[in-house]
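Summary of the model geometry
Single-letter residue listing:
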Amino acid sequence: MRIVITQNMTVDGRIEMLDDWFDPAAQDEDLAAEMMRQTEQEDVLLLGRQTFEAFRGYWPAHVDDDTTGVAESLNRADKRVVSSTLTDPQWENTTIISDDPLEAVRELRREPGQDVVVTGSIQLSHALITAGLVDLYRMFVYPHWQGRGRSLFPDDHHGTPLRRVESQAFAGGITYAAYEPTAQ
């Protein structure tokens, strides 16, 4: 399977949400359609514990009022959560990865199928980037300058040459672009 990092970020490249620039329920029709198109290619949703707990605390309770279809999709998804402390995920279709997450991702990468998608999960994303395990970067850029917080790439990362393979602009100033590493 292909390892894909999908992140929402500010124009200054910050993925750590320290301000109110992102609202998962505030998506226009085209943006929601793009996200659902990507979800259809997803076999596994891979999350770090903190992002998993944030998703688990929000999405299952919003199935009835979610007009985007994300809540229902997440409830059905094959979810894997990386955690050394979590013992009961308390969310259907969830498997805990308590051993070496990089080896677990290498194993997923060797399996047939579509995408293993990582979103949020900054520490996990940074580990995957550093290990050279990312096959595609999807970036949804929001028109907000945050000026602080962690970014998509680790601070000590020496760079990854990328080639843009998709791009699209949405109402409200949000842009989307997908990039493949050209060399790893």
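Residues numbered from 1 in each chain as written. Predicted model: local features only at pLDDT ≥ 70, side-chain atom pairs only at ≥ 80, totals over all residues. Heavy atoms only, no water.

Quick look at the overall build of the protein now. Helix and strand content of the protein: five helices and eight strands. Relative to the 2.2 N^0.38 estimate, which gives 16 Å for 184 residues, the radius of gyration of the protein is 16 Å and therefore close to what a compact globule would have. Dimensions along the principal axes, computed over C-alpha positions, put the protein at roughly 45 × 40 × 30 Å. In the protein, buried positions account for 44% of the 184 residues. In the protein, the share of contacts with a sequence separation of at least 24, taken over all contacts with a separation of at least 6, comes to 72%. A total accessible area of about 9500 Å² is found for the protein, and carbon and sulfur atoms account for 47% of it. Computed over 16 positive and 31 negative side-chain charges, the inter-centroid distance for the protein is 6 Å. (Helix = DSSP H or I, 4+ residues; strand = E, 2+ residues; numbered from the N terminus. Rg over C-alpha atoms; globule rule 2.2 N^0.38 Å. Buried < 20%, exposed > 50% of the residue type's maximum accessible area, 1.4 Å probe, protein only. Contact = heavy atoms within 4.5 Å. Areas by Shrake-Rupley, 256 points an atom, 1.4 Å probe, with all protein chains shown as cover. Lys, Arg positive; Asp, Glu negative; His and termini not counted. Charge placed at Lys NZ, Arg CZ, Asp CG, Glu CD.)

Attention shifts here to helix α2 (residues 49-58). Turning to α2, its buried residues are T51, F52 and F55. Relative to the axis of α2, the buried residues are bounded by an arc of 100 degrees and lie together on one face. Summarising the geometry of α2, the exposed residues directed more than 90 degrees from the buried face are Q50 and G57. Contacts from the buried residues of α2 go to β2 (42-48), α3 (70-76), β3 (79-82), β4 (94-97) and β5 (115-119). (Arc of directions from axis to C-beta.)

Within a pair of aromatic rings, the relevant descriptors are the distance that separates the centres and the angle that separates the planes. Applying the stated criterion across every chain yields a total of seven aromatic pairs. Ring geometry for W21 and Y142: centres 5.5 Å apart, planes at 55 degrees, overall tilted. Taken together, the residues span a long stretch of sequence, with W21 in the loop between β1 (2-10) and α1 (29-39) and Y142 in strand β6 (residues 136-142) at a distance of 121 residues. Each member of the aromatic cluster is reached from another via a ring pair, and the members are W21, F22 and Y142. Its end group placed over the ring of W91, K79 keeps NZ or CZ at 4.6 Å from the ring centre. (Phe/Tyr/Trp six-rings, centres within 6.5 Å; stacked < 30°, edge-to-face > 60°. Lys NZ or Arg CZ within 6 Å of the ring centre and 35° of its normal.)

Bringing the nonpolar core into the picture now. Residues I5, L46, V116, L128, Y137 and L152 are the most contacted members of the largest nonpolar core, which totals 24 residues. At the level of secondary structure, the elements contributing two or more residues to this core comprise β1, β2, α4 (101-110), β5, α5 (122-130) and β6. Discounting chain neighbours no more than four positions away, the residues touching Y137 are I5, I129, L152, F153, L162, A177, A178, Y179 and P181. Grouped together as the second largest cluster of nonpolar side chains are 22 residues, W21, L74, L86 and F170 included. (Core = buried A, V, L, I, M, F, W, Y, C linked by side-chain atoms within 4.5 Å.)

Here we come to unusual backbone geometry. Keep in mind that most residues, glycine aside, have a negative phi and that most peptide bonds are trans. The phi angle at Q90 is positive, at roughly 55 degrees, despite the residue not being glycine. Using a relative accessible area of 60% as the deciding quantity, one classes Q90 as exposed.

Before going further, it helps to examine α4. Residues spaced three or four apart along an α-helix point in a common direction, a consequence of the helix completing one turn every 3.6 residues. Within α4, burial applies to A104, V105 and L108. Within α4, the buried residues cover an arc of 100 degrees as seen down the axis, which keeps them to one side. In the core, the buried residues of α4 are packed alongside β1, β2, β3, β4, β5 and α5. N-capping of α4 is provided by D100, with a side-chain oxygen placed 3.0 Å from the backbone N of L102. (Polar contact = N/O pair within 3.5 Å; in protein donor to acceptor, adjacent residues only side chain to side chain.)

Looking at the secondary structure, you find K79 in strand β3. Buried charge K79 goes without a salt bridge, the closest partner of opposite sign being E92 at 6.2 Å. Polar side-chain contacts of K79 include one of 3.0 Å to the backbone oxygen of A77. What K79 contacts, discounting residues up to four positions off in sequence, is L45, L74, W91, E92, N93, T94 and T95. (Salt bridge = Lys/Arg side-chain N within 4 Å of Asp/Glu carboxyl O.)

It is worth stressing that arrangement in space is one thing and function is another; only the former is reported here.
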